[in-house]
Amino acid sequence: MNNFGPGINLPAIKGKQGGRTFYVTNLPNAVFESFLKGVESAVEQSQRPLDPRHADQIADYIRANPNEYVVGALTFAVDREVPFTKMGDQNFGGFDLGTISLGLNTKYHSLDGQHRREAIIQVQRELENVGNDSTAVIFYVEPDLFRKRQMFSDMNSTSKKVSKSLNISFDNRDPFARAAKILITQHPLLIDRVEQLAPRVKADSSDFFSLSSIQDTLKKLYVGTGGRVKDSSGMTDEEIVARGADFFDVLLKARPEYSEAQRSQAALIKYRSGTILFSSTTLRALAGAVYKATVYYGSQDVHKVHDKLVNGISKIDFTVNSDLFIKANFN
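Caption draft 1: A look at the overall build of the protein chain. The number of helices and strands found in the protein chain is 13 helices and nine strands. Its C-alpha atoms give the protein chain a radius of gyration of 27 Å, more than 25% over the compact-globule value 20 Å for 331 residues. Summarising its shape, the C-alpha atoms of the protein chain cover approximately 75 × 40 × 40 Å along the three principal directions. For the protein chain, the proportion of its 331 residues judged to be buried stands at 43%.

This is the structure:
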């Protein structure tokens, strides 16, 4: 029986972990606005402060992908043991199936997922199908505040962030991610020279750049160094790849260091330590400069603009002891 009134009965799986009882259940998204919405006081805080911008980012993701979005389980601590009615006499070896009863006086502390919950609350008001969806919820029984805080710390200290390059490798939704993966298999400067899994290129690697730096560079070609791509829905892979290919054509013609580094690992090591040409920051800065130049030259002949860019970039001193970069505190 489900009753989303003042008290609530939920089907649940009961288990034990680290000496604590926990329950795994499932809630319709529409109920989060009235149930489990409150944020505990600062004195009882067991979570990081809610960041509205992060919640908005998740909400935008759900809005953009209402039929494919993925939201992980929300995790809470409850301040007392809750009544649990076991279903039948089955023994599943380590857990039981049944129903939990959450009363009016039960206190909840968010341990993980408060931004996901806030995003769900926002979107289910707008999209009926999202309100009809459901989200997994885990309740740990833990009344002690300091132990709840330790749980939050433990959950975050043992997690490992996925590298941006690996995330891009798996992302087929973002056109810049798709274009970056196409470009590194087609452009002569990038073929077999891009780290696709790790967040950065190792000093002894034969790779020039990471996949994440290629994606960032493609974005800078559209908005400059200080801009941010807000809506890429109208952009095609072909358009982004073409613009990126033009940019890397310019680099390959303007800087013979890249061709030399392709032919010799010793040359790559020399240029990596003696210049900033193989820095992802340099790559993004050059893309931003090319964007500005493209805007400045406007409707001029593209071939002439290309030649001007090659000529300009070829004259820059990219050595690590260049006065320009020392004064700019580049590192």
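Right, picking up where we left off after that structure.
Caption draft 2: The sheet that holds strand S3 (residues 74–78), seen in detail. A sheet is described by the order of its strands in space; here seven strands give the open sequence S4-S5-S1-S2-S7-S3-S6, paired in mixed fashion. Both outer strands of the open sheet, strand S4 (84–86) and strand S6 (108–112), are each paired with one neighbouring strand and no more. Averaged over all pairs of adjacent strands, the angle between their axes in this sheet comes to 35°, without regard to strand direction. Note that strand S1 (residues 8–17) and strand S5 (residues 95–102) share eight bridges and pair antiparallel. Note on S5: the bridge partner recorded for alanine 12 is glycine 98. Along the sheet, helix H2 (residues 114–126) contacts S3, S6 and strand S7 (134–141); its crossing angle with S6, the most-contacted strand, is approximately 105°. Helix H4 (residues 145–157) rests against strand S2 (20–28), S3, S6 and S7 of the sheet, and its axis sits at about 20° to S6.

Caption draft 3: Just the pattern of salt bridges, in detail. Tallied over the entire structure, the rule returns 14 salt bridges. The closest approach of N and O atoms between arginine 20 and glutamate 142, which form a salt bridge, is 2.9 Å. Taken together, the positions of arginine 20 in strand S2 and glutamate 142 in the loop between S7 and H4 put the pair 122 residues apart, joining distant regions of the chain. In this pair, the class of arginine 20 matches that of glutamate 142, namely buried. Here the salt bridges do not stand alone but share partners, grouping Arg20, Glu142 and Arg147 into one network.

Caption draft 4: Inspection of the packing of helix H8 (residues 237–254) against helix H11 (residues 280–297) at higher detail. Between H8 and H11, the least distance of the axes is 11 Å, while the angle of their chain directions is 110°. By the angle between their directions, the pair H8 and H11 is classed as roughly perpendicular. The crossing of H8 and H11 is right-handed. Contact residues: Phe247, Phe248 and Leu251 in H8; Leu283, Leu286, Ala287 and Val290 in H11.

Caption draft 5: Fine view of the packing of aromatic side chains. According to the stated counting rule, one finds 13 aromatic pairs in the structure shown. Where phenylalanine 208 meets phenylalanine 209, the ring centres are 6.4 Å apart and the plane angle is 85°; that geometry is what we call edge-to-face. Residue class for phenylalanine 208 comes out buried when judged on its relative accessible area of 1%. Ring centres of phenylalanine 209 and tyrosine 258 lie 6.4 Å apart, and the angle between their planes is 55°; this geometry places the pair in the tilted category. Residue phenylalanine 209 is found in strand S9 (residues 209–210), and its partner tyrosine 258 is found in helix H9 (residues 256–263); the two are separated by 49 residues along the sequence. For phenylalanine 209, a relative accessible area of 1% puts it in the buried group.

Caption draft 6: Layout of the nonpolar core. Counting residues in hydrophobic clusters, the biggest one holds 45 residues, and the most contacted among them are Leu190, Ile214, Phe247, Phe248 and Leu251. When residues of this core are traced back to their parent elements, those giving at least two are helix H6 (175–183), helix H7 (211–223), H8, H9, helix H10 (265–274), H11 and helix H12 (302–314). In contact with phenylalanine 247, not counting residues within four places along its chain, are Thr217, Leu221, Leu283, Leu286, Ala287 and Val290. Membership of the second largest hydrophobic core comes to 29 residues, among which are Ile8, Leu27, Phe32 and Val78.

Thresholds, definitions, all that
- Residues numbered from 1 in each chain as written.
- Predicted model: local features only at pLDDT ≥ 70, side-chain atom pairs only at ≥ 80, totals over all residues.
- Heavy atoms only, no water.
- Helix = DSSP H or I, 4+ residues; strand = E, 2+ residues; numbered from the N terminus.
- Rg over C-alpha atoms; globule rule 2.2 N^0.38 Å.
- Buried < 20%, exposed > 50% of the residue type's maximum accessible area, 1.4 Å probe, protein only.
- Pairing = 2+ DSSP bridges.
- Axes fitted to C-alpha atoms, helices over the stretch in contact; angles between N-to-C directions.
- Contact = heavy atoms within 4.5 Å.
- Salt bridge = Lys/Arg side-chain N within 4 Å of Asp/Glu carboxyl O.
- Parallel < 35°, antiparallel > 145°, perpendicular 65-115°, else oblique.
- Left-handed = near helix turned anticlockwise from the far one by under 90°.
- Phe/Tyr/Trp six-rings, centres within 6.5 Å; stacked < 30°, edge-to-face > 60°.
- Core = buried A, V, L, I, M, F, W, Y, C linked by side-chain atoms within 4.5 Å.

So, to be careful, I would describe these as geometric facts and stop short of saying anything about function.
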